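# Residue-level structural notes
The lines below spell out each chain.
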Amino acid sequence: MNRAERWLPDVIAGAAAFVIGLLEIGRSYDASRWPALVVVIGVAVAVGLSRRLPAAALAVAWGTGIVQVAVGVDPMLTEMLLAVVAFGCARWGWPPTVWLSGLSIPLSAVIAVLMWSPYAFYDALRLLGVDRLAIDSYSRYDWRLAAGLVGFALLATPWLLGLALRFAARSQDSRRSQVAAEAQRDQAEEIARLREEQAQLARDVHDVVGHSLAVILAQAESAQYLEDADTQGLKTTMANIAGSARSSLEDVRQVLSSTSDTTTQAAQQTDLDSLVDGVRASGHEVVTTEVGTPQPMPPELAVVAFRVLQEMLTNAIKHGRRDQPVHVERHWEGDLRIEVQNAVLPGDSPGGGQGLDGMRRRLEAVGGRLDVRRRADPPTFTATAWVPVRNR
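What this report covers is the structure whose coordinates are included nearby. A quick note: this is a predicted structure, and the numbers were derived from the prediction, not measured. (Residues numbered from 1 in each chain as written. Predicted model: local features only at pLDDT ≥ 70, side-chain atom pairs only at ≥ 80, totals over all residues. Heavy atoms only, no water.)

Per the secondary structure count, the chain includes 13 helices and five strands. Among the 392 residues that make up the chain, the fraction classed as buried is 39%. A separation of at least 24 residues holds for 73% of the contacts in the chain among residues at least 6 apart in sequence. Carbon and sulfur atoms form 60% of the exposed surface of the chain, whose accessible area is close to 21800 Å². (Helix = DSSP H or I, 4+ residues; strand = E, 2+ residues; numbered from the N terminus. Buried < 20%, exposed > 50% of the residue type's maximum accessible area, 1.4 Å probe, protein only. Contact = heavy atoms within 4.5 Å. Areas by Shrake-Rupley, 256 points an atom, 1.4 Å probe, with all protein chains shown as cover.)

The end-to-end C-alpha distance of helix α2 (residues 33–49) is 24 Å, a good match for the 24 Å that 17 residues give at a rise of 1.5 Å each. For α2, every residue scored as buried is listed here: A36, L37, V39, V40, G42, V43, A44, A46, V47, G48 and L49. (Expected span 1.5 Å × (residues − 1).)

Attention now moves to helix α3 (residues 54–71). Under the 1.5 Å per step criterion, the end-to-end length of α3 is 26 Å for 18 residues, consistent within 8% with the ideal 26 Å. Taken as a whole, α3 has its buried residues at P54, A57, L58, A61, T64 and Q68. Viewed along the axis of α3, the buried residues span an arc of 125 degrees, placing them on a single side of the element. Counted as exposed and oriented over 90 degrees from the buried face of α3: A59, I66 and A70. (Arc of directions from axis to C-beta.)

This part is about the nonpolar core. L309, M312, L313, V340 and L370 are the most contacted members of the largest nonpolar core, which has 34 residues in total. Top contributing element to this core by residue count: helix α12 (residues 299–319), with nine residues. When near neighbours in sequence (up to four residues on either side) are disregarded, L313 contacts H211, L275, V276, V279, V326, V328 and V340. Core analysis: the next-biggest nonpolar cluster, separate from the first, contains 27 residues, A46, M76, A86 and L155 among them. (Core = buried A, V, L, I, M, F, W, Y, C linked by side-chain atoms within 4.5 Å.)

Right, let's get into the pairing of strand β5 (residues 379–387). Put simply, side chains in a regular strand alternate between the two faces of the sheet. Counting buried residues along β5, seven of its nine residues qualify, which places the element largely inside the surrounding structure. Where strand β3 (residues 335–343) and β5 come together, eight bridges link them in antiparallel fashion. Bridged to E339 within β5 is T384. Pairing geometry for strand β4 (residues 369–376) and β5, over eight bridges, is antiparallel. Note on β5: the bridge partner recorded for L370 is A385. Between β4 and β5, which pair antiparallel in sequence order, lie two residues. (Pairing = 2+ DSSP bridges.)

Further remarks concern the packing of α2 against α3. When two helices pack together, you describe them by how their axes are tilted relative to each other and by the distance separating the axes. Running from N to C, α2 and α3 point in directions that differ by 165 degrees, and their axes come no closer than 8 Å. Between α2 and α3, the angle is such that the two are roughly antiparallel. Once α2 is placed against α3, the crossing between them reads as left-handed. When α2 is examined against α3, the residues P35, V38, V39, G42, V43, V45, A46 and L49 are found in contact with a partner set consisting of P54, A56, A57, V60, A61, T64, V67, Q68 and V71. Looking at the contact of α2 with α3, its residues break down into 14 nonpolar, three polar and no charged. (Axes fitted to C-alpha atoms, helices over the stretch in contact; angles between N-to-C directions. Parallel < 35°, antiparallel > 145°, perpendicular 65-115°, else oblique. Left-handed = near helix turned anticlockwise from the far one by under 90°. Nonpolar A, V, L, I, M, F, W, Y, C, P; charged D, E, K, R; others polar.)

Moving on, we get to a nonpolar patch on the surface. Nonpolar side chains collect at one region of the surface, where V38, V67 and V71 lie side by side and expose about 220 Å² of accessible area between them. Residue placement: V71 occurs in helix α3. (Patch = residues over 30% accessible without salt bridge, like charges linked within 9 Å, V, L, I, M, F, W, Y side chains within 5 Å. Salt bridge = Lys/Arg side-chain N within 4 Å of Asp/Glu carboxyl O.)

Here the focus is the packing of aromatic side chains. What characterises a pair of aromatic rings is the spacing of the ring centres plus the angle enclosed by the ring planes. Tallying each qualifying case throughout the model produces two aromatic pairs. Each ring, one from F87 and one from W92, has its centre 5.6 Å from the other, and the planes form 85 degrees; the classification is edge-to-face. The partly exposed category is assigned to W92, whose relative accessible area is 39%. For R369, the ring lying beneath its charged end belongs to W386, and the centroid distance is 3.7 Å. (Phe/Tyr/Trp six-rings, centres within 6.5 Å; stacked < 30°, edge-to-face > 60°. Lys NZ or Arg CZ within 6 Å of the ring centre and 35° of its normal.)

This part covers the sheet that holds β3. Pairing is mixed in the open sheet, where five strands are placed in the order β1-β2-β3-β5-β4. Two strands bound the open sheet, and with one partner strand each, they are β1 (286–291) and β4. Pairs of neighbouring strands in the sheet enclose a mean axial angle of 10 degrees, with direction left out of account. The sheet contacts of helix α11 (residues 272–281) involve β1 and β2 (326–333), and relative to β1 the element is tilted by about 165 degrees. Packing of α12 onto the sheet brings it into contact with β2, β3, β4 and β5, and relative to β3 it is tilted by some 10 degrees.

Once that is clear, we can look at the environment of P106. Tracing the chain through its elements places P106 in helix α5 (residues 95–115). Note: C-alpha distance between P106 and A153 (47 residues apart in sequence) is 9.5 Å.

In terms of strand pairing, β1 meets β2 through six bridges, oriented parallel. Bridged to V291 within β2 is H331.

It is at 8 Å that the axes of α2 and helix α4 (residues 82–92) come closest, and there the two elements cross at 30 degrees. The pairing of α2 with α4 is recorded here as roughly parallel in orientation. Two packed elements cross with a definite hand, and for α2 against α4 that hand is left-handed. In this structure, α2 uses V43, A46 and V47 to contact α4, whose residues at the interface are L82, V84 and V85. Residue composition of the contact of α2 with α4, by class: six nonpolar, no polar and no charged.

Right, dumping it as C-alpha cells:
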C-alpha cells in the first residue's frame, strides 16, 4: 500500500467534516460566514490529521479555537467532530500528545463557558430542534454549566475510549512479544538439544569405533608371534578379529539407531565385564579388582559408566605396554569409582585429545568427574572416574 492509499481514509474523513461545516454555515451563518469558514477548515484539517499526525491535529484544533475566540465566531455543531481528534490523540499519539490532549478537554470546556454568552448557543441548539422557549426557561448560569458539561462529555468520552484501545493494543503487543520470545527460546533450546545429540553421537561413535579398532589391532599384532605351524591359534585369532568386527558393527548400528534412547543403550551396553573380556581376547593381560557390592544404576548412568570404561581400556590398549598387565579396579563406595592403570614407555603421554574430553563431558553431565595422572617411576598412566549411582 502506497502513501496515497494509506492517507485516503483520513482525506475522506476531513472532506466529510468540511462538507458538514459548509452545510451548517449555509443554514445558520450570514454576516460571519467567512470567519465561520475558517473554523470549518480548521476542524476539517484537524479531523484529517487525527490518525496519522495526532500532535499536529491537536495543534490545529487549538489554533482553530484561538482564532474562533479572537474573531468572535459562535459555537458550531461542526466542532463536535473535534471528538475525532480527541480519540486520535489518545489512541495513536505519543505520550506527551496523549496527556496534553487530556488536559485540553477540561480547559477548552472552561474557556468556552467563560468566553461565550449562553445566547451564542441558541442557533446551534435550534439545529437540533430545541425550542427558544425551552432555552429561555433556564437561567444564564444553567446554560453555561450545561454547555460546559456537554462539551466536556463530547470530548472526554472518545478520549477515554481511545486511551482504552491504546492500552488494549499495547497489552496485545506485549503478549505477542512474549509469545515470540518464548518461540525463540524454544527454538534455541531445540537447536542446543540437537547439537548436544550430535556431539553425543560423535562421542559414542568415537568410543565404539576407537575401542573396537584398538582391540582388532592388538589381536592382529598378536598373530605375528604365533608359530607357523600353529594353525589352530591363527584360526582362533582370526575368529576373535571377526567377532570384534561384528561386535563393533553392531555397536555402531545401535548407537546410530538409539542415540537418544538411553534405556535401550543401557540394556545392551552395561556389562562392564564384557569390555574386560574383549581386551583379554585381544591378547592383553587384564587384572581386575572389585570392591563393595555392585548396585543397580539408572540407564543413563549405566551408559556413562560403560562408555568411560570403554575409553579407558582403549587408551590402555593403544598406549600401554603389551608386556605389562592392565589393572582395572571398580569400587562401589557411594559413587562408582572406576580406575584403569597401565604401564607406558618412558616419555610417552597417552590419553590426550578427544578421548579424555569426551569422558570429562560425559561425567560432568551426570555430576561425575575424571582424574588423570602420569607417574614417571615406574612409568604409568592412571585414569580414575567417579560415576554417581543415583541421579542427583
